[in-house]
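# Chain and residue survey
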Amino acid sequence: MGGGGQQTEPAEPGSGKTAGVYTWEEVQKHRDRNDQWLVVNRKVYNISQWVKRHPGGSRVIGHYAGEDATEAFTAFHPDQTFVQKFLKPLLIGELVATEPNQDGNKSAELIEEFDRLREQAEKRGLFQAQPLFFCLHLGHIVLLEALAFLLLSHWGTGWTMTLLCSVVLATAQSQAGWLQHDFGHLSVFKKSKWNHLVHKFVIGHLKGASANWWNHRHFQHHAKPNVFKKDPDINMMDIFVLGNTQPVEYGIKKIKHYPYNYQHQYFFLVAPPLLIPIFYNYNIMKTMFTRRDWVDLAWASTYYIRYFYCFVPLYGVFGSLALMMFVRFLESHWFVWVTQMSHLPKEIDHERRQDWLTAQLQATCNIEQSFFNDWFSGHLNFQIEHHLFPRMPRHNYQLVAPQVRELCEKHGISYETKTLWRGMVDVVRSLKTSGELWLDAYLHK
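Structural notes, computed from the coordinates. Quantities reported herein were computed from a predicted structural model and do not represent experimental measurements. (Residues numbered from 1 in each chain as written. Predicted model: local features only at pLDDT ≥ 70, side-chain atom pairs only at ≥ 80, totals over all residues. Heavy atoms only, no water.)

### Here's the deal with the overall build of the protein chain
Rule in force here: Secondary structure elements are taken from DSSP: a helix is a run of H or I of four residues or more, a strand is a run of E of two residues or more, and numbering for both begins at the N terminus. The atom set for the radius of gyration is the C-alpha atoms, and the globule formula is 2.2 Å times the number of residues raised to the power 0.38. Working definition: with a 1.4 Å probe on protein chains only, accessible area under 20% of the residue-type maximum means buried, over 50% means exposed, and in between means partly exposed. Throughout, a contact is declared for two residues whenever any of their heavy atoms are within 4.5 Å. In short, Shrake-Rupley with a 1.4 Å probe defines the accessible areas, and a residue's cover is counted only from the protein chains shown. Here Asp and Glu are counted as negative and Lys and Arg as positive; His is not counted, and neither are the chain ends. Charged side chains are reduced to one point each, which is NZ for Lys, CZ for Arg, CG for Asp and CD for Glu.
The secondary structure content of the protein chain amounts to 17 helices and 8 strands. For 445 residues, the compact-globule formula gives about 22 Å, and the C-alpha radius of gyration of the protein chain, at 23 Å, lands near that figure. Taken over the C-alpha atoms alone, the protein chain extends approximately 75 × 60 × 45 Å along its principal axes. The burial tally for the protein chain puts 53% of its 445 residues in the buried class. For the protein chain, restricting intrachain contacts to residue pairs at least 6 apart in sequence, the fraction spanning at least 24 positions comes to 70%. Put simply, the protein chain shows about 21500 Å² of open surface, and 60% of that area lies on carbon and sulfur atoms. The protein chain carries 45 positive and 41 negative side-chain charges, and their two centres are separated by 6 Å.

Given below as structure tokens:
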């Protein structure tokens, strides 16, 4: 087993494995790439050999190596009894009886109260989806796609109609993006397999992307939001420096890949227009081929077959490609502003191993509720509630929000809500502040 610990009786009858009791200090020694332990409900598991087979990807579970993963385990898995069959062979022992339930300096009281809040939400039925809501959402996406094609078929492919068609298609793509997000989080059907199947249909057939690529990337973001080297959404490939820590570190080291003091200006030329049509497109295709993910590739292929079948007769091959890229250019602006306004202006730092509620609240904020804001953002204007309860159907976020706000006030945790306009402005403002911190450190430290 390694790492010490008092040995006791076998963990599983006939398994030949010996269970042990461990301290948090001993568990924390096992956080290397090839030696990873974690704790769930006081049970200690050695995931070193199994981590690559984790359905959610190796990185998301590896991010909790040497830590208590109980809160993340509860947040991500709808059927914990089912998951236990995978955990059982990995069990190597438990925490010493004198050890606290939580590691580090986490507040036991806060964790217990948040657990009670989640249990109350489950009893109120807030984790149960309304099928009609998602049927109507899917229906309006299909209608938008059909409308765009019918407009061109009836009124021709002139510039005005092409521009109108592009806006309609971009709207459909953006809304399909929010819908695939629902299924990806297993928040629609009671059975995970149905969520996974429909997720592949929505993200594959309606958007031409990969469900596995999205899962492996997005759940890392939820597990460790705004944590450097763990949240891929803040991996800016040295194009931007974020938060208050990274700019100073880069400045002191005299790192100047770009003029970061102008990043709030060149952001408009790089992130909103290029993220989906260039970076995501390339990354998705590369991932499907390098991982030999033929199932997701087949689903994505159905999107391209359908798209070109509809639009090549109208625009030709190159015209259809140009239309597709322009639609994704428009969608990319929509996507970037909605996703970044709830995260980029918040705390961005290295790993601090905080409890679930504190970590999520420091990395997220809300945008005011309204019918338009709900539709425009796919209910991600309730980013706080979504991060706290990633499996909760989005139409229930506003129902749990008052209890979340009350808990935050009780423990002195900031619960921030902004207008849509201020959320967008704060993205630029935060980039400007980070750039100024970099310049100061670069010149004077």
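Still more to cover.
### Some thoughts on a positive patch on the surface
Quick reminder of the rule: Each patch is assembled from residues with relative accessible area greater than 30% and no salt bridge, linking like charges that lie within 9 Å and nonpolar side chains (Val, Leu, Ile, Met, Phe, Trp, Tyr) that lie within 5 Å. The salt bridge definition used is simple: a Lys or Arg side-chain nitrogen within 4 Å of an Asp or Glu carboxyl oxygen.
A contiguous patch of positive charge on the surface is contributed by R33, K52, R59 and R291. Inspection of the secondary structure puts R291 in the loop between α11 (263-290) and α12 (294-340).

### What about the packing of helix α7 (residues 159-184) against α12?
What counts is decided by this rule: To obtain an axis, a line is fitted to C-alpha atoms, over the contacting stretch when the element is a helix, and the angle between two such axes runs from 0 to 180 degrees between their N-to-C directions. Between 65 and 115 degrees an angle is taken as roughly perpendicular, under 35 as roughly parallel, over 145 as roughly antiparallel, and anywhere else as oblique. When the near helix sits turned anticlockwise from the far one by under a right angle, the crossing is termed left-handed; a clockwise turn instead gives a right-handed crossing.
Running from N to C, α7 and α12 point in directions that differ by 60°, and their axes come no closer than 8 Å. On the basis of the axis angle, α7 is oblique to α12. In terms of crossing hand, the pair formed by α7 and α12 is right-handed. Contacts between α7 and α12 involve T162, L163, C165, S166, V167, L169, A170, T171, Q173, S174, Q175 and W178 from the first element and Y303, F311, Y315, L323, F326, V327, L330, E331, W334, F335 and V338 from the second.

### Focus on the environment of S153
What counts is decided by this rule: What qualifies as a polar contact is a pair of N or O atoms within 3.5 Å, subject to a donor-acceptor requirement within protein and to the restriction that residues adjacent in sequence count only when both atoms come from side chains.
Within the element layout of this structure, S153 appears in helix α6 (residues 131-155). Classification of S153 by relative accessible area gives partly exposed; the value is 41%. Each C-alpha atom, one on S153 and one on W299, is 26 Å from the other, the two residues being 146 residues apart in sequence. Of the polar contacts made by the side chain of S153, one reaches the backbone oxygen of F149; its length is 2.9 Å.

### Considerations on unusual backbone geometry
Outside of glycine, negative phi angles account for most residues, and trans bonds account for most peptide bonds. Positioned with a positive phi, K229 is a non-glycine residue whose angle comes to about 70°. You can see K229 is positioned in the loop between α9 (211-223) and α10 (245-252). Phi angles above zero are rare outside glycine, and R353 is one such case at about 50°. In this structure, R353 sits in the loop between α12 and α13 (356-363). Accessibility expressed as a relative area gives 25% for R353, which makes it partly exposed.

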